[in-house]
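Spelled out, the chains give:
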Amino acid sequence: MSWQQLHLQCPKSAVELAEALFYEVGAVSILLEDAGDEPLFEPLPGEEPLWSDVVITAIFDTNSDDSFASTDFESLASEIATEVDATRFWLTRLDDKDWTREWMTYYKPIKCAGNLWIVPEWLDAPEPDATNLILDPGLAFGTGYHATTRLCLDWLSEQDLTDKLVIDYGCGSGILGVAALLLGARQVLAVDIDPQAVLATNQNAALNGVADKLIAFLPEDFVAYRKDNPELCDTITANILAKPLIHFAPTFSELLKDGGSIVLAGLIQNQTQDVINAYTPYFDIDAPYAYDNAEDGHWNRLSGHKK
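Residues numbered from 1 in each chain as written. Predicted model: local features only at pLDDT ≥ 70, side-chain atom pairs only at ≥ 80, totals over all residues. Heavy atoms only, no water.

As annotated in an unreviewed UniProt entry, the protein carries the name Ribosomal protein L11 methyltransferase and is attributed to Moraxella pluranimalium. Taken verbatim from the UniProt record of the protein, the Catalytic activity (unreviewed entry) comment is "L-lysyl-[protein] + 3 S-adenosyl-L-methionine = N(6),N(6),N(6)-trimethyl-L-lysyl-[protein] + 3 S-adenosyl-L-homocysteine + 3 H(+)". Within the UniProt record for the protein, the comment given under Sequence similarities (unreviewed entry) is "Belongs to the methyltransferase superfamily. PrmA family." (UniProt positions renumbered as here; feature names shortened; annotations may be inferred.)

K.L.:
A description of the overall build of the protein should follow, citing residues and the corresponding values.
P.N.:
When you go through the protein residue by residue, the secondary structure sums to 10 helices and 14 strands. Taking the principal axes of the C-alpha coordinates as reference, the protein spans close to 70 × 40 × 40 Å. Scored against the burial criterion, the 307 residues of the protein give a buried share of 46%. Considering only contacts in the protein between residues 6 or more positions apart, those separated by 24 or more positions represent 65%. Total accessible area on the protein stands at roughly 15500 Å², and carbon and sulfur atoms take up 51% of it. Positive and negative side-chain charges of the protein, numbering 18 and 49 respectively, have mean locations separated by a distance of 10 Å. (Helix = DSSP H or I, 4+ residues; strand = E, 2+ residues; numbered from the N terminus. Buried < 20%, exposed > 50% of the residue type's maximum accessible area, 1.4 Å probe, protein only. Contact = heavy atoms within 4.5 Å. Areas by Shrake-Rupley, 256 points an atom, 1.4 Å probe, with all protein chains shown as cover. Lys, Arg positive; Asp, Glu negative; His and termini not counted. Charge placed at Lys NZ, Arg CZ, Asp CG, Glu CD.)

K.L.:
Could you give me a rundown of the sheet that holds strand S13 (residues 283-285), with the residues and numbers involved?
P.N.:
If you walk across this open sheet you meet the 7 strands as S10-S9-S8-S11-S12-S14-S13, and the pairing is mixed. Two strands bound the open sheet, and with one partner strand each, they are strand S10 (214-217) and S13. Across the sheet, the axes of successive neighbouring strands diverge by a mean angle of 20 degrees, strand direction being ignored. Judged from the 4 bridges that link them, strand S9 (residues 187-191) and S10 form a sheet pairing that is parallel. Its bridge partner lying in S10, Leu 189 is registered against Ile 215. Contacting strand S11 (233-239), strand S12 (256-268) and strand S14 (299-306), helix H4 (residues 147-157) crosses the sheet at an angle of about 35 degrees to S14. Lying on the sheet, helix H5 (residues 175-182) is in contact with strand S8 (165-169), S9, S10 and S11; it crosses S9 at an angle near 175 degrees. (Pairing = 2+ DSSP bridges. Axes fitted to C-alpha atoms, helices over the stretch in contact; angles between N-to-C directions.)

K.L.:
Provide a residue-level description of the pattern of salt bridges, including the pertinent values.
P.N.:
Across all of its chains, the model carries 6 salt bridges by this definition. A salt bridge links Lys 306 to Asp 258; the shortest N-O distance between them is 3.6 Å. Taken as a pair, Lys 306 in strand S14 and Asp 258 in strand S12 lie far apart in primary sequence, 48 residues in all. Accessibility expressed as a relative area gives 63% for Asp 258, which makes it exposed. Salt bridges sharing partners connect three or more residues here, namely Asp 163, Arg 186 and Glu 231. (Salt bridge = Lys/Arg side-chain N within 4 Å of Asp/Glu carboxyl O.)

K.L.:
Tell me about the sheet that holds strand S1 (residues 2-11), residues and numbers included.
P.N.:
In space, the 4 strands of this open sheet follow the order S2-S3-S1-S4, with antiparallel pairing throughout. Looking along the sheet, the strands with just one partner apiece sit at the ends: strand S2 (29-34) and strand S4 (88-95). Within the sheet, the average angular offset between the axes of one strand and its neighbour, ignoring direction, is 25 degrees. Helix-sheet contacts for helix H2 (residues 73-83) involve S1, strand S3 (53-60) and S4, and the interaxial angle to S4 is about 140 degrees.

K.L.:
An account of the nonpolar core is requested, with residue identities and associated values reported.
P.N.:
The biggest cluster of nonpolar side chains holds 29 residues, and the ones touching the most others in it are Ile 118, Leu 133, Leu 153, Ile 175, Val 188 and Leu 214. When contributions to this core are tallied by element, the ones reaching two or more residues are strand S6 (116-120), strand S7 (131-135), H4, H5, S9, helix H6 (195-207), S10 and S12. In this view, Ile 175 contacts Ile 118, Leu 133, Leu 135, Gly 142, Thr 143, Gly 144, Thr 149 and Leu 153; residues no more than four positions away in its chain are not counted. In this structure, Tyr 169, Leu 189, Phe 217 and Leu 255 belong to the second largest nonpolar core, which totals 27 residues. (Core = buried A, V, L, I, M, F, W, Y, C linked by side-chain atoms within 4.5 Å.)

Shown next as C-alpha cells:
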C-alpha cells in the first residue's frame, strides 16, 4: 500500500492558504521544507519563521479513505497551485511502512572520547566492557549524532565526575545527565521546558540503572525543589541555544560552587563571543572548541570554571 503525496512550491506568503486548502480537501498531514538553501537562525520568542520559498507536501490516505478512489490528484494539485500562485507542482507516492520503527534503522552506536559509547536500546554494544550509555531518544533532542551533543559528551568524558552533583539544563533525552552518572557523578538534576524531555530523561535513566540518582524537572518544579535543596552543584551542562545561554549566565553562576565547571553548547561560531561576554563576569572561559571538519565545524563548545 502507499500514500498519495502532492507537492507544490510557493512563496511563504501563500503557505497559510495552501495549508488550509489542502486540509479542506482531506490531507492528513502537511510538511514544509526549504525550496532553496536559506538558513533559518534562532527566532525570537513568539516568532515562527519560514523560508522565503517553500515546498509544501500534503499527504493523503488513499489506503483507508474510499472517498479518494476517483480523485484526480493531478487536477487537484493544479487547482491549488493556481490558487496560491505556486511556481510548480508534482505528485509522488509514499510507500506504507512501519513508521514507528523505520527511523531506528538509521541509528548506530557512536563512540565518544574516553571510551564512552552511545548505544541505541535495540542494538548490542560493540564494546561490552566500555562505558555504554543505552539510549532510546524517543521524541526528545539528544541522540549523540548532533555535533553539539557529542562536543558535550567528549568534554564530560575528560572530567573527573566522581561523587559530583551535576545539573543538566536543557536535558532533552537525558543523554548528558545519564552519561555524567555513568562516568561517576553522585547525582544529576535534569531540567527541560518540554514534558516529553522529562519523560525521556527518566526512561533513559531507568534503562541505564541510574534512575535513583537522577531527578528530572520542568523549570518551575526545579525552582521549587531548590528552595528545599539549596546545595550548590559541581558541574553544569547546558546544550541549548545562544540566547537562552546568555540569559542563564547569572543563574548558572548562582547554582554552581566556586571553582565548579561548566560546559555550554548549541551555539554557532559567530555567536560564541556574545556568550563569552555574558559569562566572563562570573566564569573563566576557555577558548572555543569545534570539530575540525566541514560538517560539524560551525558548532562551538565553551567550557570553563566559576570564578
